[in-house]
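# Structure assessment
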Amino acid sequence: MKKTSRRKTAAIIGTTAAAAMLLAACGSSSTSTKSTSSSSPSTTKVKGGVAYFAEASGANPNYIFPLTPSTDFSIDNLAQFQTLMYRPLYYFGVGNKAELNTSLSLANTPVYSNNDKTVTITLKKYKWSDGESVTSRDVIFWMNLLKANKTDWAAYVPGDFPDNVVSYSAPNASTVVFQLSKSYSPTWFTYNELSQITPLPMAWDRTSLTQPAPSPTAANLPDTTTSGAQAVYKFLNGQAGDLSTYATSPIWSVVDGPWKLQSFTTAGKAVFVPNTDYSGPVKPSLSEFVELPFISNSSEFNVLRAGNNAITYGYLPVTDLSQKPYVESLGYKVEPWIDLGFDYWVENYNNPTYGPLFKQLYFRQALQHLVDQPAWISTFLKGYAVPSYSPVPLAPANPFADANSKSNPYPYSVSAAKNLLTSHGFKMVNGVMTCESPGSAATECGAGVSKGLALNLNLQYASGNSSVTQEMAAYASAAKQAGITINLTSATFDTVITNAAPCTPSQASCKWEMENWAGGWEYSPDNYPSGGELFGSGSGSNFGSYSSNTANTLIAATHTSSDPQAALDAYQNYMVKQLPVIYQPSPDYAISLVSSKLGGVTQNPYLDLTPENWYFTK
C-alpha cells in the first residue's frame, strides 16, 4: 500500500516552465504507423516526441531505492518514479482493472505446491542495462537485504513478509523457491507478498562507490551475511538520500525498466529517456518523458490553460471545473483517474497527551460524526469522489467491498458528537469540552485521560489543494460547535507524510496529534485490501500505532482462510465500526487532462505510470 496524494494545483517553477513550453512542441518523427487505439482511432502514430507529466503539487519524487522506508512510501516515489526504472517481480493493473498483469511481470505466474507451503517462481528473460541478466540471484539479493533490514521497510508487518518465508533458494539462474511457514492463500500471497519483491542488480551489492561493481557470480558477496546486508542497505539508503546524484550515480543508472534518468533536480523535475536495453514487451516510443513539479494546483492549471502544450498530461483542479469546456477546446481529453484506495486522516495513538483519548472508541466516534461526507463530496469535490466508510475501497468497481462498507454507521451529527462526549465524563468549560470525570467506567473519560484535559487538538493537512482546505475548515467549524477546538495548520504533502510516522511516547517526534496528507491509501504493492500493513500492530505503515488484538486476528484470517471473501467481510465489518482512523471522502485521484495528441494512455488503478505505451499522433 502507498500513501497517495490528490493531484492538485501548482505553479511550475519558472525556468522549468519556459523550457517545457519550448520542448513540448518538438515531436521528432522518424517512423510512423497506423494506430488502432480506441482512444485515438484512425490517427497516425508518430515515433519520438517529449511528453510532460504534471506531478501532484508538493508531492515530488524524493526517494529512488525500491526498498523504501515509511517516510517515503508514496505514489510519487514508487508508482510514478521507481517502477519506470526498476520493475517489480509481479506487476499489477491491466488497463483500469485491479488484477495481475502477467504480460508486464518479470516472472511467470507462481506455482504453489506442498499444500500451498512451497512457491516456485520462474523468471522470464530480462536484462539489466549493464548487460547482466536478471536472475534468481537478484531476487535472493532483495530477500537478503529485506531480511536483514525489515524494520526499515515501510511494508513490513511482524509475522508477515518476510517472516513467513522459512527459507528461499535459487536452484538455477531462472528459478526461485520459497518455503513458507504454513499454508497461505495463493491469491493473498501473490497479490500481497510476492507483489512486493523488486529484483536488485548485483552491481548494487557493495558498501561504497569506490568499490567496483561485483560480478554477479562472485562468491561471498556482502549481502550473504546479516551484517553485510545491513551495511549494503545503509550504503544504498544513504545514496538514496543524495537527490543531486540520482542521474549520474553508477548505482541508480543500472536499470531493468523501460526508462533511465537523464537528469533530476532536487525540486523534483525528472527527465527520463528510453532504456535501449529494455527487455519487456513494450519499448518506449517517446524520445523523452518528463515529470514536472508544482507547488500548488492553481499554478499547474495556469500553465496548462495557457494553451502552449507545456503540459501533455495534467489535471483539472476541482475548483476549476467550470473551465472544463475551455481546456477541451485547447485539445485535452478529460479522463477521471480512479485508484483502488480509500481516504482518511490519522490520529497518533502514542501522543503523550491525547494518545489515551484517541484510544477511546467513543471519542473516535465523536470525531467521525463531524465529517459530513455527502456535503463535502457535493460541495467541495463536485461529485468526483465516493465516501470512505472502511479500509475496503468502494471504487473502482471491485468484488471486495460488502454491504457494511457501503453504509455509514456514523453520519454527520454535531449533537451525536456532543452526546458521546458528555456521556463519557466531558463538560463544557469556557467553551471547550473538558474531562471532568476521569476513570475507566462506562460514563468516565477513559483509561489514561486526565481530569482537566481540554479538547484543544492540532490537525495538520497537506497544502496546495483548495478542496482539502475547504474540508478542513468545515471540519474545524463543526468541531467547534461540539466543543472541540481544532487548530489547523498546513504543510507540503512530503512534510505531512514525514511527520505522520509511527513513534513511541518518549520520542520528541511523537508530539504530532492528527495528520492529513489528503490522499489516504492506495492498495499496492500489496494489492488485496486486507490491511495488514496499515492496521496490524507494529506494522511499518501503521502510522498512528493503532493496535487491536481483534483486528490482528481478523487480518490474519484473511491470509489463510479457505473462504477469503468471508474472512475479508469479517475484517471490514469490524473496521467500519472501530474507526482506526478518521474516514473522509475518497476523491478521484485526478481529473486528468490528456492531450488529444497523446495516444496509448491507460489509467492504472494502482496509479502506476507506463509512458512506454504512450505515443504522439498527427
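Criteria and cut-off values
Note that residues are indexed from 1 along each chain, following the sequence as it is written. In view of the model being predicted, local features appear only for residues whose pLDDT reaches at least 70, and side-chain atom pairs are presented and counted only at 80 or more, with totals across whole chains, interfaces and linings using the full set of residues. Water and hydrogen atoms were dropped before computing side-chain values, which therefore reflect all heavy atoms in the structure. By the criteria applied, helices consist of DSSP H or I runs no shorter than four residues and strands consist of E runs no shorter than two, each listed in order from the N terminus. Atoms counted for the radius of gyration: C-alpha only. Globule rule: 2.2 Å times the number of residues to the power 0.38. When accessible area is computed with a 1.4 Å probe and restricted to protein chains, residues below 20% of their type maximum are described as buried, those above 50% as exposed, and intermediate ones as partly exposed. Note on contacts: a residue pair qualifies if any of its non-hydrogen atoms lie within 4.5 Å across the two residues. Take the buried residues of types Ala, Val, Leu, Ile, Met, Phe, Trp, Tyr and Cys, join any two whose side-chain atoms come within 4.5 Å, and each joined set is a nonpolar core. Think of a 1 Å grid over just the protein atoms. A cavity is a set of points where a 1.4 Å probe fits yet cannot get out, a pocket is an open set with protein on both sides within 12 Å along at least five of seven lines, and lining residues have an atom within 4 Å of a point. Grid points are joined across faces, edges and corners, and a volume is the space filled by probe spheres set on the points. Under the grouping applied here, Gly and all other residues not named as nonpolar or charged are polar, the nonpolar ones being Ala, Val, Leu, Ile, Met, Phe, Trp, Tyr, Cys and Pro and the charged ones Asp, Glu, Lys and Arg. Throughout this description, a polar contact denotes any pair of N or O atoms lying within 3.5 Å of each other; where both atoms belong to protein, one of them has to be capable of donating a hydrogen while the other can accept it, and for residues adjacent in sequence the pair is counted only when both atoms sit in side chains. A strand pair is defined by DSSP finding two or more bridges across the two strands. Whenever a helix is involved, its axis is fitted only over the stretch in contact; in every case the axis is a line through C-alpha atoms, and angles between N-to-C directions fall within 0 to 180 degrees. Criterion for a salt bridge: a side-chain nitrogen of Lys or Arg within 4 Å of a carboxyl oxygen of Asp or Glu. What pLDDT expresses is the predictor's confidence in each residue, scored from 0 to 100. The criterion for a disulfide is a pair of cysteine sulfur atoms lying within 2.5 Å. Residue count minus one, scaled by 1.5 Å, sets the expected span of a helix.

## With respect to the overall build of the protein
Scanning the protein for helices and strands turns up 16 helices and 29 strands. Computed over C-alpha atoms, the radius of gyration of the protein comes to 24 Å, within 12% of the 25 Å expected from 2.2 N^0.38 for 618 residues, which places it in the range of a compact globule. C-alpha atoms of the protein, sized along the principal axes, occupy 75 × 60 × 45 Å. Expressed as a percentage of its 618 residues, the buried residues of the protein come to 60%. A separation of at least 24 residues holds for 71% of the contacts in the protein among residues at least 6 apart in sequence.

## Regarding unusual backbone geometry
With omega at 5°, the peptide bond leading from Phe161 into Pro162 counts as cis. Take Pro162: it is sitting in the loop between α3 (136-148) and β9 (165-172). In this structure, Ser545 is a non-glycine residue whose phi angle is positive, near 65°. One non-glycine residue, Leu607, lies in the positive phi region at around 70°. The residue Leu607 is located in the loop between β28 (598-599) and β29 (615-617) in this model.

## Some remarks on the nonpolar core
Here is a general trend for soluble globular proteins: nonpolar side chains tend to be buried in one another's company. Membership of the largest hydrophobic core comes to 185 residues, with the highest contact counts inside it found for Phe65, Phe178 and Trp204. For this core, the element with the highest residue contribution is α3, accounting for eight residues. Aside from chain neighbours lying at most four places away, what touches Phe65 is Gln82, Leu145, Leu200, Trp204, Tyr233, Leu236, Asn237, Ala240 and Trp252.

## Topic: empty space enclosed by the protein
A full pass over the atoms with the stated rule returns seven cavities of 30 Å³ or more. Lining the largest cavity are 22 residues; nearest its centre among them are Leu78, Thr83, Pro88, Ser195 and Pro525. Per element, the largest residue contribution to the lining of the largest cavity is four residues, and it comes from helix α2 (residues 78-85). In the lining of the largest cavity, the residues fall into 13 nonpolar, seven polar and two charged.

## Quick look at the environment of Lys451
Note on placement: Lys451 falls in the loop between β20 (432-435) and β21 (456-462). On the basis of relative accessible area, Lys451 is assigned to the exposed category, the value being 55%. Setting aside its immediate chain neighbours within four residues, Lys451 contacts Cys435, Glu436 and Pro438. Looking at Lys451, its side chain comes within polar contact range of the main-chain oxygen of Glu436, at 3.3 Å.

## Some details on the sheet that holds strand β17 (residues 344-347)
If you trace the five strands from one edge of the open sheet to the other, you get β22-β21-β23-β17-β25, paired in mixed fashion. Two strands close off the open sheet at either side, each with one partner strand: β22 (485-491) and β25 (582-583). Where β21 lies against β22, seven bridges are found, and the strand directions are parallel. In the strand pairing of β22, Leu459 is matched with Leu488. Set on the sheet, helix α12 (residues 466-481) makes contact with β17, β21, β22 and β23 (514-516); between it and β22 the angle comes to about 165°.

## Some thoughts on the pattern of salt bridges
Within this structure, the stated rule accounts for five salt bridges. Arg87 is paired through a salt bridge with Glu612; the nearest N and O atoms lie 2.4 Å apart. Highlighted residues: Arg87 in the loop between α2 and β5 (91-94) and Glu612 in the loop between β28 and β29, separated in sequence by 525 residues. Accessibility expressed as a relative area gives 1% for Arg87, which makes it buried. What makes Glu612 buried here is its relative accessible area of 3%. Among the ionic pairs, Lys150 bridges to Asp163, the shortest N-O distance being 2.8 Å. Residue Lys150 is found in the loop between α3 and β9, and its partner Asp163 is found in the loop between α3 and β9; the two are separated by 13 residues along the sequence. Residue class for Lys150 comes out partly exposed when judged on its relative accessible area of 25%.

## Describing the environment of Pro580
Among the secondary structure elements, Pro580 is positioned in the loop between α16 (564-578) and β25. When its relative accessible area of 1% is taken as the criterion, Pro580 is described as buried. Note: C-alpha distance between Pro580 and Tyr546 (34 residues apart in sequence) is 6.3 Å. If near-sequence neighbours (up to four positions away) are discounted, Pro580 is found in contact with Glu347, Tyr349, Phe535, Tyr546 and Met575.

## Topic: the environment of Trp204
Looking at the secondary structure, you find Trp204 in the loop between α4 (186-192) and α5 (226-240). Linking Trp204 and Ser548, residues 344 residues apart in sequence, is a C-alpha distance of 39 Å. Discounting chain neighbours no more than four positions away, the residues touching Trp204 are Phe65, Pro66, Tyr86, Phe141, Val232, Leu236, Ile251, Trp252 and Val254.

## Quick word on the confidence of the model for the protein
The predicted model of the protein has a mean per-residue pLDDT of 90, with 93% of residues at 70 or higher. Across residues 5-41, confidence stays below pLDDT 50; counting only partners more than four residues off in sequence or on other chains, it has 124 contacts.

## Looking at the state of the cysteines
Going through the model one piece at a time under the given rule, you end up with two disulfides. Two residues, Cys435 and Cys445, share a disulfide whose sulfurs are 2.1 Å apart. Residues Cys435 and Cys445 share a disulfide whose torsion about the S-S bond is about 110°; that sign makes it right-handed. Of this pair, Cys435 sits in strand β20 while Cys445 sits in the loop between β20 and β21, placing them 10 residues apart in sequence. Judged by relative accessible area, Cys435 falls into the buried class, the value being 0%. Accessibility expressed as a relative area gives 0% for Cys445, which makes it buried. A sulfur-sulfur separation of 2.0 Å characterises the disulfide bridge that pairs Cys503 with Cys510. The sign of the S-S torsion, about 70°, decides the handedness of the disulfide formed by Cys503 and Cys510: right-handed. For Cys503, a relative accessible area of 5% corresponds to the buried category. Relative accessible area serves as the criterion here: at 0%, Cys510 is assigned to the buried category. Once the bonded cysteines of the protein are numbered in order along the sequence, the disulfide links fall as 1-2, 3-4.

## Some words on the side chain of Gln82
Looking at where Gln82 falls in the secondary structure, it is placed in helix α2. According to the relative accessible area criterion, Gln82 is buried, its value standing at 4%. Within the local environment of Gln82, its side chain forms a polar contact with the backbone oxygen of Tyr63, the two atoms lying 3.0 Å apart. Beyond its immediate sequence surroundings of up to four residues, Gln82 is in contact with Tyr63, Ile64, Phe65, Pro66, Thr68 and Asn77.

## Points about α16
Helical periodicity: at 3.6 residues per turn, an α-helix aligns residues three or four positions apart in one direction. With 15 residues, α16 extends 21 Å between its outermost C-alpha atoms, agreeing within 8% with the 21 Å of an ideal straight helix rising 1.5 Å per residue. What α16 keeps buried is the set Ala567, Leu568, Tyr571, Gln572, Met575, Val576 and Gln578. Of the surrounding elements, those touching the buried residues of α16 are α9 (361-368), α14 (532-535), α15 (549-560) and β25. Of the residues trailing α16, Leu579 is marked for its positive phi of about 55°.

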